[in-house]
Amino acid sequence: MVLNYIWIAFFIIAFAIALVRLIFMGDMEVFPAMMNSTFETSKTAFEISLGLTGVLSLWLGIMKIGERGGVINVLSRLLSPVFTKLFPDIPKGHPVTGSIFMNIAANMLGLDNAATPLGLKAMEQLQELNPKKDTATNPMIMFLVLNTSGLTLIPVSIMVYRAQLGAAQPTDIFVPILLATFFSTVAGIIITSLYQRINLLNRTMLFTLGGMLAVVVAVIWGFSQLDKETMNVVSTSVANIMLMTIIVTFILAGMRKKVNVYEAFVEGAKDGFTTAVRIIPYLVAILVGIGVFRASGAMDMLINGIEWTVAAVGGNTDFVGALPTALMKPLSGSGARGMMVDAMTTYGADSFVGRLSCIFQGSTDTTFYILAVYFGSVAIKKTRHAVACGLLADLAGIIAAIAIAYFFFN
């Protein structure tokens, strides 16, 4: 329902602004630009879905081998103490906990191509537990928020962009991104738990969150001892080694259970195509709305309004130039990436705005894209508090990113 209102708002606000620009400013290009955006974003949505087909087939096939080989059940048992607290509505030891863990692990390593199919698999398993097939359950929403908060340990792609655009030290945003995304994730968990009345003040959850903090500190310290070239090599190598290790482990587990791993893979891979097709209409809807909103000039007006407001109350407006990346990130990953690159090109890769835009890009994830793809894959129409929790986690990440950027770079 919330997505419905937001989608309508995109079009109504965009149309109203475009009409004002046409009548009072004589801008004859605004409506053609808006219409062109509908065609371009529709094409983009289809291409994204088409591009996902192969990756979905690969990872759903691998997941099927892991499921048949018992790996998912083992992960479920290991994670049961934590997941029973965080996802109290999931039966203890259910295979979906293993799928959720695999998805979160892929996100933390920055392996987006692996994380999406693993997440879709988890969503399908959660849908099997759903008594109301068109309404999001509490576990679905908690899982979505964990994804949208964008917890990433190794932001390789952002560092690569910085290197390409001439940053003197491309890895200087590594620690700030790690801190910002950590705060975003913790905020998302707390906010969703308050909505769902989940008690986090217990030994298991306090120990888990404390352990996460210790890991974050250890990773920060370890990578801070490396030079930029070594850091890039190590982070990329670790991510790829872990990914290949997962694939081989699943295959070996299937062999141990005397599973025909080839047939299991093919059976799971068949679901990749059907899942990709189901995603298309939902993705087209959200990307077209975003495209129209951008083409009308509404995004620029929003940014200018924020800058004027901050300046009016005597605040520092240095961060405003990077806000397009922050505001675009919940709507479109590729759009936010473009905003980040534009900020570094315009202001300089080593400028405050350039660095802050990179921190924004790495601190949260594409909330509306994830909602559209994940909920669309299982035909969820009533999202309940998913959008509110996701956006509040994004807001926490944005605030943390601004504070951390001022601390490190200004």
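Scroll up a little and you will see the structure.
Residues numbered from 1 in each chain as written. Predicted model: local features only at pLDDT ≥ 70, side-chain atom pairs only at ≥ 80, totals over all residues. Heavy atoms only, no water.

> Can you break down the overall build of the protein chain residue by residue, with the values?
Check the secondary structure of the protein chain and you find 17 helices and 0 strands. Taking the principal axes of the C-alpha coordinates as reference, the protein chain spans close to 70 × 45 × 40 Å. Here the analysis covers contacts within the protein chain between residues at least 6 apart in sequence; of these, 79% occur between residues at least 24 apart. Accessible surface computed for the protein chain: about 18500 Å², of which carbon and sulfur atoms make up 67%. Of the side chains in the protein chain, 26 bear a positive and 23 a negative charge, and the two mean positions are spaced by 14 Å. (Helix = DSSP H or I, 4+ residues; strand = E, 2+ residues; numbered from the N terminus. Contact = heavy atoms within 4.5 Å. Areas by Shrake-Rupley, 256 points an atom, 1.4 Å probe, with all protein chains shown as cover. Lys, Arg positive; Asp, Glu negative; His and termini not counted. Charge placed at Lys NZ, Arg CZ, Asp CG, Glu CD.)

> Account for helix 8 (residues 174–196), naming residues and giving values.
An α-helix turns once every 3.6 residues. As a result, residues three or four positions apart point the same way. Taking 1.5 Å per residue as the helical rise, helix 8 with its 23 residues ought to reach 33 Å, and the 33 Å between its terminal C-alpha atoms agrees with that figure. Counting buried positions along helix 8 gives 17 out of 23 residues, so the element sits mostly inside the fold. (Expected span 1.5 Å × (residues − 1). Buried < 20%, exposed > 50% of the residue type's maximum accessible area, 1.4 Å probe, protein only.)

> Please set out helix 2 (residues 30–69) residue by residue, giving values where relevant.
With 40 residues, helix 2 should reach 58 Å at 1.5 Å per residue; the first-to-last C-alpha distance of 56 Å fits that figure. At Thr-53, helix 2 shows its strongest bend, of approximately 35°. Looking one or two places after helix 2, you find Gly-70, whose phi comes out positive at around 90°. (Bend = angle between axes of the 7 residues up to and from the residue.)

> For a nonpolar patch on the surface, give the residues involved together with the corresponding values.
On the surface, Phe-15, Leu-19, Val-20, Ile-23, Phe-24 and Met-25 cluster together into a nonpolar patch covering about 660 Å² of accessible area. The exposure class of Phe-24 is exposed, given its relative accessible area of 68%. (Patch = residues over 30% accessible without salt bridge, like charges linked within 9 Å, V, L, I, M, F, W, Y side chains within 5 Å. Salt bridge = Lys/Arg side-chain N within 4 Å of Asp/Glu carboxyl O.)

> Can you tell me about the packing of helix 2 against helix 11 (residues 261–295), naming the residues and giving the values?
Running from N to C, helix 2 and helix 11 point in directions that differ by 160°, and their axes come no closer than 5 Å. With respect to helix 11, the axis of helix 2 lies roughly antiparallel. As for how helix 2 packs across helix 11, the hand of that crossing is right-handed. (Axes fitted to C-alpha atoms, helices over the stretch in contact; angles between N-to-C directions. Parallel < 35°, antiparallel > 145°, perpendicular 65-115°, else oblique. Left-handed = near helix turned anticlockwise from the far one by under 90°.)

> Tell me what's going on with the pattern of salt bridges, and back it up with residues and numbers.
Summed over the entire model, instances satisfying the criterion amount to 5 salt bridges. With a closest N to O distance of 2.5 Å, Arg-21 and Asp-27 form a salt bridge. Note that Glu-267 is salt-bridged to Arg-68, the shortest N-O span being 2.4 Å. Separated by 199 residues along the polypeptide, Glu-267 in helix 11 and Arg-68 in helix 2 bring together distant segments of the chain. In this structure Arg-68 comes out as partly exposed when scored by relative accessible area, which is 39%. When salt bridges that share partners are traced, they join Arg-162, Asp-350 and Arg-355 into one network.

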